[in-house]
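Listed here are the chains, written in short residue letters.
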Amino acid sequence: MLEDKNPQRTSLEELGEFGLIDHLTKHFEIKHKSTVKGIGDDAAVLSSRSKQIVVTTDLLIEHVHFDLSYVPLKHLGYKSVMVNLSDVYAMNAQATQITISIAVSNRFPLEAIEELYSGIDTAARTYGIDVIGGDTTSSTTGLIISITAIGEVNEEDVVYRNGAQPNDLLVVTGDIGAAYMGLQVLEREKEVFKVNPGNQPDLEPYTYIIERQLKPEARKDIIELLQKLEVKPTSMIDISDGLSSEIIHLCKQSNVGVELYENKIPLDPQVISTCEEFNVDSTTIALNGGEDYELLMTISQEDFPKIKANPDLTVIGFITDKDRGMHLITRGEQAIPIIAKGWNAMKNEE
C-alpha cells in the first residue's frame, strides 16, 4: 500500500529478453556439485550420481494467487521459491536447483523485476540452492511466475503419500492457520485503504500471521531433523491447500482412514485472537485455510519416543482402517466426517 511516488523506471524493452536474463541472473552462484552447467547454454546440465531426482513445478498468477496491492515483489519472489521447495521437502528430499520463468506486462519496469529477483536470490542463498535457468516473456494479463524445483534423495529415503498404515501416528510440523488469517487481515486493510487512501494500517498486532502469509518458510529443517532422529515417515505431504485436503490426500493414496483430534491441532495465540476478532472458528481455519507450507506426515508408533519431546512436531491423530472413515474428533468427543474445503486452484472467482 506504500508506494514510491517517483520510482526509477527502466523499460524492459530497452534490454530485450536476453539482456534482461543476463542482468537478472549475473549474481547467482553455483553451490552444488550436481550442477554441471547452469545458466548460459541451451539447457542446464545436472549430474544425478547415485541418487534419485525429484522434480516439482508451481505456477503463480497475479489476481489468482497473489495481489500486488499488498504483496511486496521481494516477498513474492521469496515465497514463489518456498512454494516449490516445500514440495521437494515433502518427498523427504533435499532441494538443489530451481528454474524460473516469468511473464510480465509493460507496466513493470526493470526495477520492479529486480525486486522480484532479489527475493528469489535471498531464498536461493538461504536454502542453498542453485538457480540454473528459466525463461522470460511478455504478458497481457499481469505477472505470471513459474518455478520448477529439483531435489535429490537416496532411494531408500524417499517418502510418498501412499505409505500410511493403520495405527500410524498423524504428525504435523509447526502451527496451522496463520497464513490464511494473515491474508484476511491484509484483505481487510486493502478495503479500508480503498475508502481512505490516507489511512495507514496498524499491523503490529498481526506481525506473525502476516509474515506467515507474505514470507513463509519451507521446512528444510524438519527433513534434517528427521534424519538426525533416524525417523523415516511412512507418508508425507506439504500443507498448501488446507489441513483437511492434505489429510484426505494421504488417506486416499494410502487406502486408510484417520481420526484427527481437534484439541491437538497446533494454533498460534495470534491466530486464535484474530479468529475471535473476525468471528470465525479457529478449527475451521486450521482445517481449510491453506498456504501454511508445513509438513503433514505419518510415522510408526515405534518412532514416537524419538519425536515426543520436539516442539516442532505435534501428534494430532492416528491412522485407522479404511472402513472406519476419516473423522475429526471434536473437543466434545463427537466424530465429524472430514471434508475438503481448502483452496481450489481451478475455482474461478470473480
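Residues numbered from 1 in each chain as written. Predicted model: local features only at pLDDT ≥ 70, side-chain atom pairs only at ≥ 80, totals over all residues. Heavy atoms only, no water.

1. Concerning the nonpolar core
Selection rule: Buried Ala, Val, Leu, Ile, Met, Phe, Trp, Tyr and Cys residues form a nonpolar core when they are joined through side-chain atoms within 4.5 Å. Partly exposed describes any residue whose relative accessible area lies between the buried limit of under 20% and the exposed limit of over 50%, with all areas from a 1.4 Å probe on protein chains only and scaled to the type maximum. Two residues form a contact once any of their heavy atoms are found within 4.5 Å.
Counting residues in each nonpolar core, the largest one holds 86 residues, and the members touching the most others are L85, I98, L260 and L296. Setting aside its immediate chain neighbours within four residues, L260 contacts L170, L243, I247, I265, L287, I316, G317, H327, L328, I329 and I338.

2. Considering the environment of D67
Operational definition: A helix here means a DSSP run of H or I that spans at least four residues, while a strand means a run of E at least two residues long, and both kinds are numbered starting from the N terminus. Two N or O atoms count as a polar contact when they lie within 3.5 Å, although within protein this holds only if one can serve as hydrogen donor and the other as acceptor, and sequence-adjacent residues are included solely when both atoms are side-chain atoms.
Secondary-structure assignment places D67 in the loop between β3 (52-61) and α2 (73-89). A sequence separation of 120 residues divides D67 from E187, and the C-alpha atoms of the two residues are 9.3 Å apart. Looking at D67, its side chain comes within polar contact range of the side chain of S69, at 2.7 Å.

3. Topic: the sheet that holds strand β5 (residues 130-138)
Rules: Think of it this way: DSSP has to see at least two bridges between two strands before they count as a pair. Angles here are taken between N-to-C directions and fall from 0 to 180 degrees, while the axes themselves are lines fitted to C-alpha atoms, restricted in helices to the stretch in contact.
On the basis of which strands lie adjacent, the open sheet formed by four strands has the order β3-β6-β4-β5 and mixed pairing. Because the sheet does not close on itself, it has two edges, and the strands there are β3 and β5. Sheet twist, expressed as the average angle between the axes of neighbouring strands with direction ignored, equals 15 degrees. Relative to strand β6 (residues 144-153), strand β4 (residues 94-104) is paired through nine bridges, and the arrangement is antiparallel.

4. Details of the packing of helix α4 (residues 178-195) against helix α8 (residues 269-278)
A pair of packed helices is captured by two measures, namely the crossing angle of their axes and the spacing between those axes. Stated precisely, the cut-off is as follows: Roughly parallel means an angle under 35 degrees; roughly antiparallel means over 145; roughly perpendicular covers 65 to 115; every other angle is labelled oblique. Two helices that cross are described as forming a left-handed crossing if the nearer one is turned anticlockwise from the farther one by less than a right angle, and a right-handed crossing if clockwise. Residues are grouped as follows: nonpolar covers Ala, Val, Leu, Ile, Met, Phe, Trp, Tyr, Cys and Pro; charged covers Asp, Glu, Lys and Arg; every other residue, Gly included, is treated as polar.
Running from N to C, α4 and α8 point in directions that differ by 45 degrees, and their axes come no closer than 10 Å. Taken together, the axes of α4 and α8 lie oblique to each other. At the point where α4 passes α8, the crossing takes the left-handed sense. On α8, the residues that touch A178, M181, Q184, V185 and R188 of α4 are V271, T274, C275, E277 and F278. A breakdown of the residues in the contact of α4 with α8 according to their chemical character gives six nonpolar, two polar and two charged.

Spatial relationships are all this shows, so hold off on functional conclusions.
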